[in-house]
Amino acid sequence: MAKVTRDDVARLAGTSTAVVSYVINNGPRPVAPATRERVLAAIKELGYRPDRVAQAMASRRTDLIGLIIPDARQPFFGEMAHAVEWAAAERGKMVLVGNTDYVAEREVHYLRAFLGMRVSGLILVSHALNDQAAAEIDAWDARVVLLHERPEAIDDVAVVTDDLGGAQLAVRHLLEHGYEYVACMGGTADTPAVGDPVSDHVEGWRRAMREAGLPTEGRLFEAPYNRYDAYRIALEILAGPRRPPAIFCSTDDQAIGVLRAARELRIDVPGELAVAGFDDIKEAGLADPGLTTVASDRSAMARSAVDLVLDDALRVAGSRRERLKVFPSRLVLRRSCGCG
């Protein structure tokens with residue numbers, strides 16, 4: 001049986017092969033609805049399947065978007081990856097996902113691999129992009145959009161949350177409950193000082209404490225971003241002689257670890273300890289008690305990142321500030337802070 005070609009589809013639909021291409025690729029030119037329906041009907045009747053490999057060779061681009069994230073096992077990054085996948089599907093693209101595990105060499109590995117596959121674009125959630133990774137991006141002249149974080153090593157378009165303002169909202173709210181002070185569970189010693197959300201969360205905590213005339217010295221605790229290490233560290237903090245009345249955690253995963261530690265130590269939340277997090281992962285609403293946290297519209301951020309990486313017209317030239325798209329944060333109140 002002869003292979004069905006694009007010419008066959010065009011003849012049956014009564015149109016040109018160029019229009020068939022526009023329908024299959026969803027552009028670059030618009031197609032009238034009636035014509036589109038004829039083309040789709042011809043594709044279905046003939047059983048035509050586009051040769052994606054040939055298309056990629058001709059255009060030097062594939063229908064793939066590369067997404068590099070630190071760790072999909074962490075709920076926040078898993079939910080973000082899912083949102084990017086759905087946004088890409090709406091644009092007729094598929095997503096390749098690489099996990100760096102916060103290791104710079106793995107980040108470079110995935111950059112080389114995905115760019116070598118001629119992805120249509122690259123969405124990068126980088127904990128601390130190093131010079132080698134930045135040089136790799138420059139060498140390929142790649143379409144890159146930074147998501148969630150904005151490392152200093154690369155000056156590309158970025159889609160982020162108002163992390164600093166969101167942290168201030170959470171800490172101010174805890175203080176309005178009348179707690180004597182609020183401690184903070186930040187990142188680790190290697191957390192970048194600039195461009196990292198956790199650093200902004202810590203800075204937001206500091207500003208809210210200063211506004212209230214409260215000292216921060218001795219009230220910031222280092223912890224990895226995951227619940228397991230946060231749980232271990234929280235056991236030490238909460239069992240110690242200077243247990244804080246309230247804790248703001250830089251991630252919801254950390255906060256869930258703190259809630260587990262409090263439960264094991266028979267510390268009532270929020271009666272004896274108030275807890276707030278950041279990210280509003282789905283588990284935050286199922287925690288016991290429900291976790292007060294800071295949310296942003298991850299679906300809208302994912303759509304924005306996909307649109308920016310695919311559409312040259314949206315990739316605005318200009319200053320670093322002009323190339324930054326900031327989504328607002330909002331406070332989500334649940335029982336862990338004393339509300340409800």
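We now turn to the structure provided with this report. Given the structure is predicted, the values throughout are model-derived calculations rather than measurements.

Now for the environment of Pro328. Structurally, the position occupied by Pro328 is in the loop between β11 (324-327) and β12 (330-332). Given a relative accessible area of 61%, Pro328 falls into the exposed group. Linking Pro328 and Asp163, residues 165 residues apart in sequence, is a C-alpha distance of 8.5 Å. Beyond its immediate sequence surroundings of up to four residues, Pro328 is in contact with Asp162, Ala295 and Ser296.

So, about the nonpolar core. If you look at the biggest cluster of nonpolar residues, it comprises 72 residues, and the most contacted ones within it are Ile123, Leu147, Val182, Met185, Phe248, Leu273 and Val275. When sequence neighbours within four positions are dropped, the list of residues in contact with Leu147 reads Met80, Val84, Ile123, Leu124, Val125, Val159, Met301 and Ala305.

Here the distance between the centres and the angle between the planes together describe a pair of aromatic rings. Within the structure shown, the criterion is met by three aromatic pairs. Their ring planes at 75° and their centres at 5.3 Å tell us that Phe76 and Phe77 sit as a pair that is edge-to-face. Just as Phe76 is buried, Phe77 falls in that class too. For the ring pair Tyr110 and Phe114, a centre distance of 5.6 Å and an interplane angle of 45° mean the geometry is tilted. With Tyr110 and Phe114 both in helix α6 (residues 104-116) and four residues apart, this pair spans about one turn of that helix. Take Tyr110 and Phe114: they sit in the same class, and that class is buried. For the cation-ring pair, Arg260 lies above Tyr231, with the distance from its terminal atom to the ring centre recorded as 5.8 Å.

This brings us to the environment of Gly338. Examined against the element boundaries, Gly338 turns out to sit in the segment after β12. For Gly338, a relative accessible area of 35% gives the class partly exposed. With residues near it in sequence (within four places) discarded, Gly338 still touches His177, Tyr179 and Pro270.

Analysis parameters
- Residues numbered from 1 in each chain as written.
- Predicted model: local features only at pLDDT ≥ 70, side-chain atom pairs only at ≥ 80, totals over all residues.
- Heavy atoms only, no water.
- Helix = DSSP H or I, 4+ residues; strand = E, 2+ residues; numbered from the N terminus.
- Buried < 20%, exposed > 50% of the residue type's maximum accessible area, 1.4 Å probe, protein only.
- Contact = heavy atoms within 4.5 Å.
- Core = buried A, V, L, I, M, F, W, Y, C linked by side-chain atoms within 4.5 Å.
- Phe/Tyr/Trp six-rings, centres within 6.5 Å; stacked < 30°, edge-to-face > 60°.
- Lys NZ or Arg CZ within 6 Å of the ring centre and 35° of its normal.

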